[in-house]
Amino acid sequence: MNINVYTESTPNPATMKFIVNKLLINGSTDYATRESAEKSPFAKELYKFSFVNGVFFASNFVTVTKTEGSEWPDIEPILKEFVKGAVESELKVQEVEQATDVEFEGTETEIKIQQILNDYVRPAVEQDGGAISYRSFDAGVVTVELRGSCSGCPSSTVTLKSGIENLLKRMVPEVTEVVSEAL
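Given the structure is predicted, the values throughout are model-derived calculations rather than measurements.

Digging into the packing of helix α3 (residues 108–127) against helix α4 (residues 156–171)
Following both chains from N to C, one finds α3 and α4 inclined at 130°, their axes separated by 11 Å at the closest point. What the angle tells us is that α3 and α4 run oblique. In the crossing of α3 with α4, the sense of the turn from one axis to the other is right-handed. From α3, Lys 112, Ile 113, Ile 116, Leu 117, Tyr 120 and Val 121 reach across to α4, where they touch Ile 164, Leu 167, Leu 168 and Met 171.

Next up, the structure:
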């Protein structure tokens, strides 16, 4: 198979999405630090570049966060070529594949919240090179975790409050607020 790689900017100016024409992983996984990348041969190799500050994988793309002071025009071609070679040589994203079945737990309201996040919010967030995970629901407050390009993105607060919070309040009357858990 001939591997093609193209890039897309994300709402976060520090991240770039490198999209390939092959499934890399079922689900998503975040390697926000060099240390966390130890179990990912692909992420470990990316972190060998001094300008890489974060790595996130989902379906057919890898989102790379650059270090401050690096410029995309300088590093994008290098990363594009690396991603192409890594995918062609079948460098693994994870040593062990994780289960992909999504199972929701909790009260009826919590399950409804998780289902909405999975069906409506997750695909939109993944389009921007990020991921969202449900953490908890307590006294009307939904706590989520934002990863990938969403982590530290200037527009993630707007997305959280204007998009996700409004959607959940409309579909689940018990929801009064949505907050993001700090990593």
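Here's the deal with helix α2 (residues 72–88)
Across its 17 residues, α2 extends 23 Å between first and last C-alpha, which sits within 8% of the 24 Å expected from 1.5 Å per residue. Within α2, burial applies to Trp 72, Ile 75, Leu 79, Phe 82, Val 83, Ala 86 and Val 87. One side of α2 carries all its buried residues, which in axial view fall inside an arc of 125°. When the buried face of α2 is taken as reference, the exposed residues oriented beyond 90 degrees from it are Pro 73, Asp 74 and Glu 81. Downstream of α2 by one or two residues, Glu 90 has phi in the positive range, about 60°.

Points about the packing of aromatic side chains
The geometry of an aromatic ring pair is captured by the separation of the ring centres together with the interplanar angle, meaning the angle of the planes. Enumeration over the complete set of coordinates arrives at six aromatic pairs. Between Phe 42 and Phe 82 the ring centres are 6.0 Å apart and the planes differ by 75°, which places this aromatic pair in the edge-to-face class. Separated by 40 residues along the polypeptide, Phe 42 in helix α1 (residues 41–46) and Phe 82 in helix α2 bring together distant segments of the chain. In this pair, the class of Phe 42 matches that of Phe 82, namely buried. When the ring of Phe 49 is compared with that of Phe 51, the centres are 5.3 Å apart and the planes differ by 25°; the resulting orientation is stacked. In textbook terms, an aromatic cluster arises when at least three aromatic residues are bridged by ring pairs, as seen for Tyr 31, Phe 42, Phe 49, Phe 51, Phe 57 and Phe 82.

As for the sheet that holds strand β2 (residues 15–20)
Taken together, the five strands give an open sheet; going across it, the order is β1-β2-β5-β4-β3, and neighbouring strands pair in antiparallel fashion. In this open sheet, the two edge strands, each paired with only one partner strand, are β1 (5–9) and β3 (28–31). Averaged over all adjacent pairs, the angle separating strand axes in this sheet is 20°, with direction ignored. Alignment of β1 against β2, held across five bridges, turns out to be antiparallel. Residue pairing for β2: Tyr 6 is matched across the bridge by Ile 19.

Criteria and thresholds
- Residues numbered from 1 in each chain as written.
- Predicted model: local features only at pLDDT ≥ 70, side-chain atom pairs only at ≥ 80, totals over all residues.
- Heavy atoms only, no water.
- Axes fitted to C-alpha atoms, helices over the stretch in contact; angles between N-to-C directions.
- Helix = DSSP H or I, 4+ residues; strand = E, 2+ residues; numbered from the N terminus.
- Parallel < 35°, antiparallel > 145°, perpendicular 65-115°, else oblique.
- Left-handed = near helix turned anticlockwise from the far one by under 90°.
- Contact = heavy atoms within 4.5 Å.
- Expected span 1.5 Å × (residues − 1).
- Buried < 20%, exposed > 50% of the residue type's maximum accessible area, 1.4 Å probe, protein only.
- Arc of directions from axis to C-beta.
- Phe/Tyr/Trp six-rings, centres within 6.5 Å; stacked < 30°, edge-to-face > 60°.
- Pairing = 2+ DSSP bridges.

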